[in-house]
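Per-entry structural report
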Amino acid sequence: MEEQNGNNVIKINLMQVSMTLGTYLGLYIILAYAITVLSVKFNALSMLAMPLILGIPVIAYLLIRHFRETNCKPFFPFPVSWMISILTFLFATMLSCMAAYLYLRFIDNGAFAAGMMERMDMIMTASGTAAQELTDPAQAEQYNSAMELFRQTVTWFCSLPASGMTKQLVQTSLMWGNILSLIIAIITAKRIRLKQE
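Looking only at helices and strands, the chain has seven helices and two strands in total. The secondary structure elements of the chain, listed N-terminal to C-terminal, are β-β-α-α-α-α-α-α-α. Against the 2.2 N^0.38 benchmark of 16 Å for 197 residues, the chain shows a C-alpha radius of gyration of 22 Å, more extended than a compact globule. With the C-alpha coordinates of the chain rotated into their principal frame, the extents come out at 75 × 45 × 25 Å. Long-range contacts, defined here as pairs at least 24 residues apart, represent 78% of the contacts in the chain between residues at least 6 apart. Where the 13 positive side-chain charges of the chain centre and where its 11 negative ones centre are 14 Å apart.

Of all residues in the chain, 91% have pLDDT values of 70 or greater, and the mean over the chain is 87. Contacts of residues 1–6 to residues separated by more than four positions or lying in other chains number nine contacts, the stretch itself having pLDDT below 50.

Nonpolar side chains in soluble globular proteins tend to be buried together. One finds L21, L25, I84 and F89 to be the most contacted residues of the largest nonpolar core, which totals 21 residues. Elements that contribute at least two residues to this core include exactly α1 (14–41), α2 (46–54), α3 (56–71), α4 (78–108) and α7 (162–188). Here this core gets eight residues from one element, more than from any other, and that element is α1. Excluding residues within four positions of it along the chain, I84 makes contact with I12, L14, V17, S18, L21, I64, F67 and F76.

Taking 1.5 Å of rise per residue, 31 residues should cover 45 Å, and α4 covers 42 Å from first to last C-alpha, within 8% of that figure. Two residues or fewer after α4 comes N109, characterised by a positive phi angle close to 55°.

Moving on, we come to a nonpolar patch on the surface. Judged by side-chain polarity, F78, W82, M175, W176, I179, L182, I183, I186 and I187 come together as a nonpolar surface patch covering roughly 860 Å² of accessible area. The set of elements that each furnish at least two residues to the nonpolar patch consists of α4 and α7. Of the residues forming the nonpolar patch, the biggest block, seven residues, is contributed by α7. Looking at where W176 falls in the secondary structure, it is placed in helix α7.

Before going further, it helps to examine the packing of aromatic side chains. Applying the stated criterion across every chain, the model contains two aromatic pairs. Judged by centre distance (5.9 Å) and plane angle (20°), the rings of F78 and W82 are stacked. You can see F78 and its partner W82 sitting in helix α4, four residues apart, about one turn around the helix. On the basis of relative accessible area, W82 is assigned to the partly exposed category, the value being 34%.

Here N109, not a glycine, exhibits a phi torsion of approximately 55°, which is positive. Tracing the backbone shows N109 in the loop between α4 and α5 (111–132).

What counts, and at which threshold
Residues numbered from 1 in each chain as written. Predicted model: local features only at pLDDT ≥ 70, side-chain atom pairs only at ≥ 80, totals over all residues. Heavy atoms only, no water. Helix = DSSP H or I, 4+ residues; strand = E, 2+ residues; numbered from the N terminus. Rg over C-alpha atoms; globule rule 2.2 N^0.38 Å. Contact = heavy atoms within 4.5 Å. Lys, Arg positive; Asp, Glu negative; His and termini not counted. Charge placed at Lys NZ, Arg CZ, Asp CG, Glu CD. pLDDT = per-residue confidence, 0-100. Core = buried A, V, L, I, M, F, W, Y, C linked by side-chain atoms within 4.5 Å. Buried < 20%, exposed > 50% of the residue type's maximum accessible area, 1.4 Å probe, protein only. Expected span 1.5 Å × (residues − 1). Patch = residues over 30% accessible without salt bridge, like charges linked within 9 Å, V, L, I, M, F, W, Y side chains within 5 Å. Areas by Shrake-Rupley, 256 points an atom, 1.4 Å probe, with all protein chains shown as cover. Salt bridge = Lys/Arg side-chain N within 4 Å of Asp/Glu carboxyl O. Phe/Tyr/Trp six-rings, centres within 6.5 Å; stacked < 30°, edge-to-face > 60°.

And the structure:
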């Protein structure tokens, strides 16, 4: 911070701040992805995977709020908050999706797709039993068509190569990152309070 004419001037390097925060958020997302992949093989980890995935916006908010509190006490305008938020999600997406691609391409050898197909077969078996218990034929038809669409989607996703799965992950991450960055920027923005004389 610098003093100029009695006013506080705060200089923020948006790219450097966003890269730093994006690295921390990206490491958290990598952890969430790793637990999610392991939950396909070990059912007990499913209870941990969902809170980790849902915790991504919370961690992003906490990182940006911490930066605001330590560096920009009097003033943190919405445009700056939004740019830091959106760039943080961009850098986190780049880091986490690169790790996902490297895992899928060089380590996984199709185990994730095979685990998803196995899990999908179990769900389809259970849904067939549930569909037989429905008494309304229209409701049963609608349920069966929804489950068939689910089966086709999972089969299509599992047939993709590592690059295709990563592209889907990048698109999803960027879409949700753009939405969440707007919400986080609104929450973390701080205006100057004018003193009443």
